[in-house]
Amino acid sequence: MNINKSNPLLLHPLNKWMKKKKWSWFPHQIETFNYVRTGSDVVVFAPTGAGKTLTGFINPIDDLIKLKKFKGLHTLYISPLKSLANDIVRNLEKPIKELDLNISFQVRTGDTTPYKKQKQKQKPPNILITTPESLALLNSYENAKEFFHNLKYIIIDEIHTFLDNKRADLLSLNIERLQTFSPNLQRIGLSATLKNKQDAKKWLCRKKPKIVSYENSVLPKIKILESKERIPWSGHMATYSINEIYKEIMKSKLTIIFVNTRAQAEYMFKNLWLINKKKLKIAVHHGSLEKNLRLKVENNLSKGLVDCVVATSSLELGLDYGDVEKIIQVGAPKGINRLLQRVGRSNHNLNTPSKAILVPTNRFEFIEAKAAIEEIKKNNLDKIDLKEGSFDVVAQHIFATACAGQFNINDLYKEIIKAYPYKKLKLNDFKQLINLIQDGGYVLKNYDQFKRIFQLRENKNIYKLVNKRETRKYRMNVGTIIENPMLKIKLGTKTLGNIEEVFIQNLSQGDSFIFAGQVLEFQSMKNNLVQVKRSKSLISKIPSYSGGRMPLSTNLANSVRALLAKSNMWDLYPVQITEWLKRQKYISKIPKKDEYLVEQFPRKKIFYTVIYTFAGWHANQTLGFLLLRGFKEFNYKPLGFVANDYAIVLWSLKEVKEIKTILNLGLLDKHLDNYLEETSIVKRLFRDNAIISCLIERRLPGMEKTGKQVLFSSDLIYTVLKKNEPDHILLKSSYEDAKKNMIDYDRLREILKKIDKKIILKKLTSISPLAVPIILEINRENLSKKETDEYILEDLENEILKEANVLSIN
Amino acid sequence: MYYQLINFGNEEFHAYPNKSLYWKRLNTLIVSDLHIGKSISYAKNKQFLPPYDTKEILNKIFVSLDNIKPSNLIVVGDLLHDVFSTLSIKDQDYKNLSQYMKNTDFIWIKGNHDKNIQIEGFKNFTNYKIEKFLFTHIPIETSLFQICGHYHPKVKISHRGKTIFKTCFVHNEKIFILPSFGILTGGLDIHSKQISDVLGKKNLSIYPVGHDKVYKL
């Protein structure tokens, strides 16, 4: 088909500009234009560099030109990041200015000045670029309806980041609100390539739903770092390959090194500086750094003023850094989508492949890296699981609705269940959430004279906010992102960023630690400020950040299992890996793709049970705890367990004889509640729930609560509530959150359902090669701080290796 | 109930895990900072904490009174959170209180939260002297041994790489500070400036309160 002849975009107002730039329209842009023109809601899937942003704006711009001097808000563009929103404005500015089109556009985020926000409300631009939180705020104003009643399009950028979290829930509710205000509203979603495209469509589209997809035929070039050093048995810091990583940086004009945690980022950065003989310009970027520091790094990156940036997921999304030549991923990829997203940060030209190097930090990670490369070749992406919406977000939404004016609860309920995450929201739960906002929703009615919203006497279905002051509280609490309690770090008068309070609590005056790439000495803590000075100390701690440990994706886990079983591939691996696997096969067994290997062996009068589930960290952590309980019941006297992404190891004083009897679905049903209780997982999530649902306040002007105080009082509330009202909606909500997010309940259930028939039990006389990495983790975790000296670790490692009779492999 | 023996001012006291202190020789039970009605006071500002604190605190007191049958109950301040707090005390609770008052003297040292509030049957004092001991909400200049409240002391314990905060009884040679008997009450680190100004930093005896045991550090 000759696209040009039938291309309606040749008549589009932007066509002139495209021609001037010598660009031509992509097929997916034409397709999207046609669908939207004929009234469809559309999700567009395309890789970076395929003109995604422009695709979203084609119909709005066409429409605005046709309508001539349209007054008021016409199109809303939702971006996941503030920084991205600013970038969109810059991109939109170019064609609109160069063609002198009569279209106004502005950005509105948390960084927009109150004056500007006020002006926007009085005289809205045609196109407003904003974030989900700012949209929620706009919807909470009394004049929201007039503001949005002519809205024609809503564009959701990077919609794949919005599908499986509470932010998505918040956004979905607000989109439905816009649809109520403006029934003709059309929805356009822009997404990176996804496996389950239908799910994204279901989430967003209502009118004649359509999917437009553009697959890039140029595959990225990804390889594993070829190292002369041996890959360590365990650990996550890649110290072994630091010199080789440095060489790779020197070879490319601009490199981003992605790591998995903020601690790794600091560590990698420090180690690179230690060997930086060529005085390369190396920077570090992660979410805890002060905004200005981050912006500076981003700026230098886009101008090509640095040679290398060490980053966490903080740089995964965001601006196009056209000059990035190479990506180095240090540590396990964890998931295909995630790796692709990271790899895609290099080289935004569609026709040349992105280049990436993977650096496994231990032996299992080598297999994982290899598997990830295979899957990317096959274009086998991870599925993003849509989740049922969380209750606390609905509560916040009810509060927002009340701020905008009196409302009918039946209408609100009908609107909410149109949103995909809340299709199954029960009326009864919804009413409990109304009560939660009204007065905490307790059975004991003590707060009748203090309600926040109240029913009108003449119509019990209509609720109203008691006073205007409450709207301010809502606005202070909007959003679903709850940070861990953080403290600001000050070097002199300069703020360096935020650090988790838990980490600081463990420091004494004079201790040094690494932050923002500098060695700092802890001096004092006052009024939530951590005062530090520069230090020359060589011994320093790395701050830990509890959040964000991502489990290995199911998809990649399956691929790791399959690859492990392919013994004909082994000879292609570095010799230490090959020997490791061969030895394992000889001493024990390599599990087949669908088998679950269980190894048992004694060591120093203690009995070890290692279970290779490949279920990801969350699920393994849960399973470890459940098994501990199960072992106790059988009187095996268990002492503890350690879990990682691949396996669990438990140790006990007595030999575990009935593993097959214990390891099954019954285990989950029997002990799950205990697990949630004892590990205080629900308690921690309750804090988020209490803040998101506005039961307790995040902060109020004049009474700035520290994160600590919020955590503290939410713990007390949890305890009192649990005792007196175990069926309270917020407890139910926290419990559901735990099941969905923290313990990988569904994944574990799937595994346990079929595990008993597929267990391969190996009774060994000593530790197996495959078990060495996880056994080493036991010792690492159980050592007291002073002992974590590398020498001792080395010593321990050798001892264990000798025992496993695998020392000869090195 | 298990208790921890504490020697203070050459007298023996029993510290209970429910955060009360018992002076056996004089058959006197001492509690502090109950903050009854904190939840209802917060509800005024639309912070809807679970409204069960008053009931729970009173029940805790009643259980203690039943077990110990003291001649005196001394509250060293902040029995109530504020003037609204009485709203959360039900008629039945008042009836129970007056029953207990038949056998026990209720002595209420006024704290900063409950200065101008009255409950029938309580004997109100700004401070109260028994032998060489002075019961007061906040310590004052005196040569007497003082037993007080107000600070809700907690202690930070770091062990094996983990840090926990625990409510505690704490005293130096002359001043004893009780933990808060309340349910929704927070706490203050004993090494914070506010408490250090009163107790100093050295020679502290610290008794963290565990689930069903009071420990000694």
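Here the structure is a predicted model, which is why all the values come from computation and not from measurement.

When its secondary structure is counted, chain B shows four helices and 15 strands. Judged by the C-alpha coordinates and their principal axes, chain B covers about 45 × 40 × 35 Å. Within chain B, contacts between residues at least 6 apart in sequence are counted, and of these 67% link residues at least 24 apart.

The secondary structure content of chain A amounts to 31 helices and 26 strands. Since a compact globule built from 810 residues should have a radius of gyration of about 28 Å, the 28 Å found for chain A is in line with a globular shape. A principal-axis box enclosing the C-alpha atoms of chain A has dimensions of 80 × 70 × 60 Å. Buried positions account for 45% of the 810 residues belonging to chain A. Sequence-distant contacts, at least 24 apart, represent 74% of the contacts inside chain A between residues at least 6 apart.

At the junction of the two partners, chain B supplies 19 residues and chain A supplies 26 residues. Classifying every residue of the side of chain B that touches chain A gives nine nonpolar, six polar and four charged.

A separate point is the environment of Ser 32 of chain B. Residue and element names in this part refer to chain B. Mapping Ser 32 onto the fold places it in the loop between strand 4 (28-31) and helix 1 (38-43). Distance in space between the C-alpha atoms of Ser 32 and Asp 197 is 20 Å, their sequence separation being 165 residues. Non-local contacts of Ser 32, meaning those with residues more than four positions away in its chain, are made with Val 75, Val 76, Gly 77, Gly 149, Leu 178, Ser 180 and Phe 181.

This paragraph deals with the sheet that holds strand 13 (residues 355-359) of chain A. Residue and element names in this part refer to chain A. Here we have six strands laid out as an open sheet, ordered 8-13-12-9-11-10, and parallel in their pairing. Of all the strands in the sheet, just strand 8 (221-224) and strand 10 (282-285) have a single pairing partner and so form its edges. Within the sheet, the average angular offset between the axes of one strand and its neighbour, ignoring direction, is 20°. Pairing between strand 10 and strand 11 (residues 308-311): four bridges, direction parallel. Paired with Val 284 across the strands is Val 310, a residue of strand 11. Across the sheet, helix 14 (residues 336-343) touches strand 8, strand 9 (255-258), strand 12 (326-330) and strand 13, and the angle it forms with strand 12 is around 145°.

A word on the packing of helix 25 (residues 665-678) of chain A against helix 29 (residues 745-758) of chain A. Residues and elements named next belong to chain A. Contact geometry of helix 25 with helix 29 gives a least axis separation of 7 Å together with a crossing angle of 135°. When the axis of helix 25 is compared with that of helix 29, the two are oblique. Counting all contacts with helix 25, which are made through Leu 665, Leu 667 and Leu 668, the residues of helix 29 involved are Leu 748, Arg 749, Leu 752 and Lys 753. A breakdown of the residues in the contact of helix 25 with helix 29 according to their chemical character gives five nonpolar, no polar and two charged.

Further remarks concern unusual backbone geometry. Working note: non-glycine residues mostly have negative phi, and peptide bonds are mostly trans. All names here are of chain A. Of note, the phi angle at Lys 208 is positive, near 35°, even though the residue is not glycine. Look at Lys 208 and you get exposed, because 12 C-beta atoms sit within 10 Å. At Lys 279, a residue that is not glycine, the phi angle is positive and equals roughly 55°. Turning to its location among the elements, Lys 279 is positioned in the loop between helix 12 (262-274) and strand 10. Among the residues examined, Lys 279 registers 7 C-beta atoms within 10 Å and is labelled exposed.

Residues and elements named next belong to chain A. With burial as the criterion, each face of strand 5 (residues 153-156) is covered, one bearing Tyr 153 and Ile 155 and the other bearing Ile 154 and Ile 156. Of the strand pairs in this sheet, strand 2 (residues 75-78) and strand 5 are connected by four bridges, and their pairing is parallel. Bridge pairing links Leu 76 to Ile 154 in strand 5. Pairing of strand 5 with strand 6 (residues 186-191), which is carried by four bridges, proceeds in the parallel orientation. Its bridge partner lying in strand 6, Ile 154 is registered against Arg 187.

Another point: the sheet that holds strand 25 (residues 647-652) of chain A. Hydrogen bonds between backbone groups are what pair the strands of a sheet, and the pairing can be parallel or antiparallel. All names here are of chain A. Strand order in the open sheet made by the five strands is 24-25-23-22-26, with mixed pairing throughout. Strand pairing shows two members of the sheet lacking a second neighbour, strand 24 (638-643) and strand 26 (759-763), which therefore form its edges. Averaged over all neighbouring strand pairs, the angle between strand axes comes to 15°, with direction disregarded. Summarising the sheet, strand 23 (residues 606-612) and strand 25 pair through six bridges and their orientation is antiparallel. Opposite Val 610, over in strand 25, you have Val 649 as the bridge partner. On top of the sheet, helix 23 (residues 617-633) reaches strand 24 and strand 25; it is set at about 170° to strand 24, its chief contact.

The subject of this paragraph is the confidence of the model for chain B. Of all residues in chain B, 97% have pLDDT values of 70 or greater, and the mean over the chain is 92. Put simply, strand 11 (residues 153-159) of chain B is where chain B has its lowest mean pLDDT, 81, and strand 4 of chain B is where it has its highest, 98.

Next up on the list: helix 13 (residues 291-302) of chain A. Residues and elements named next belong to chain A. Between its terminal C-alpha atoms helix 13 stretches 16 Å, which fits the 16 Å expected from twelve residues at 1.5 Å a residue. Of the positions making up helix 13, those classed as buried are Arg 294, Val 297, Glu 298 and Leu 301. Seen from one end, helix 13 has its buried residues packed into an arc of 100°, which puts them on one side. What points out from helix 13, more than 90 degrees from its buried face, is the exposed set Asn 292, Leu 295 and Asn 299. Considering only its buried residues, helix 13 is in contact with helix 5 (82-98), strand 10 and strand 11.

With that settled, consider the domain arrangement of chain A. Residue and element names in this part refer to chain A. You can read the domains of chain A as domain 1 (27-213), domain 2 (221-377), domain 3 (406-484), domain 4 (486-534) and domain 5 (588-765). The C-alpha-based centres of domain 1 and domain 2 are spaced at 32 Å. Each side of the interface is counted separately: domain 1 has twelve residues, and domain 2 has nine residues. Classifying every residue of the side of domain 1 that touches domain 2 by side-chain character gives six nonpolar, four polar and two charged.

The next subject is the pairing of strand 4 of chain B. Residues and elements named next belong to chain B. Burial along strand 4 is two-sided: Thr 28 and Ile 30 and Leu 29 and Val 31, pointing in opposite directions, are all buried. Across three bridges, strand 3 (residues 21-23) lies against strand 4 in antiparallel orientation. Bridging from a neighbouring strand, Tyr 22 pairs with Leu 29 of strand 4. Hairpin remark: strand 3 followed by strand 4, antiparallel, with four residues in the connecting loop; positive phi at Asn 27, about 45°. Examined bridge by bridge, strand 4 and strand 5 (residues 72-75) share four bridges and lie parallel to one another. If you follow Val 31 over to strand 5, its bridge partner there is Val 75.

So, how was this worked out
- All residue numbers refer to position in the chain's written sequence, counted from 1.
- As a convention, the first chain written is A and the first ligand written is 1, with the rest following in written order.
- Given that the model is predicted, a residue must reach a pLDDT of at least 70 before its local features are reported, and side-chain atom pairs must reach 80 or more before they are shown or counted; all residues, however, enter totals for whole chains, interfaces and linings.
- Helix and strand definitions here come from DSSP, where helices need a minimum of 4 consecutive H or I residues and strands a minimum of 2 consecutive E residues; each element is numbered from the N-terminal end.
- Think of it this way: build a C-beta for each residue from its backbone, and any pair within 7 Å is a contact.
- As a reference, a globule follows 2.2 Å times the number of residues to the power 0.38, and the radius of gyration itself is taken over C-alpha atoms.
- Note on burial: count the other C-beta atoms lying within 10 Å of the residue's C-beta; 20 or more is buried, 12 or fewer is exposed, in between is partly exposed, and C-beta positions come from the backbone.
- The residue classification treats Ala, Val, Leu, Ile, Met, Phe, Trp, Tyr, Cys and Pro as nonpolar and Asp, Glu, Lys and Arg as charged. All others, Gly included, are polar.
- Pairing between strands is defined by DSSP: at least two bridges between them are needed.
- Note on geometry: axes are C-alpha line fits, over the in-contact stretch for helices, and angles between N-to-C directions span 0 to 180 degrees.
- Angle categories are assigned with fixed cut-offs, so that under 35 degrees is roughly parallel, over 145 is roughly antiparallel, 65 to 115 is roughly perpendicular, and the rest are oblique.
- One number per residue, pLDDT, summarises how confident the predictor is, and it ranges from 0 to 100.
- The span expected for a helix works out to 1.5 Å for each residue beyond the first.
- Each direction from the helix axis to a C-beta atom contributes to the arc, which is the arc of those directions.
- Delimitation of the domains relies on an automatic or database domain assignment.

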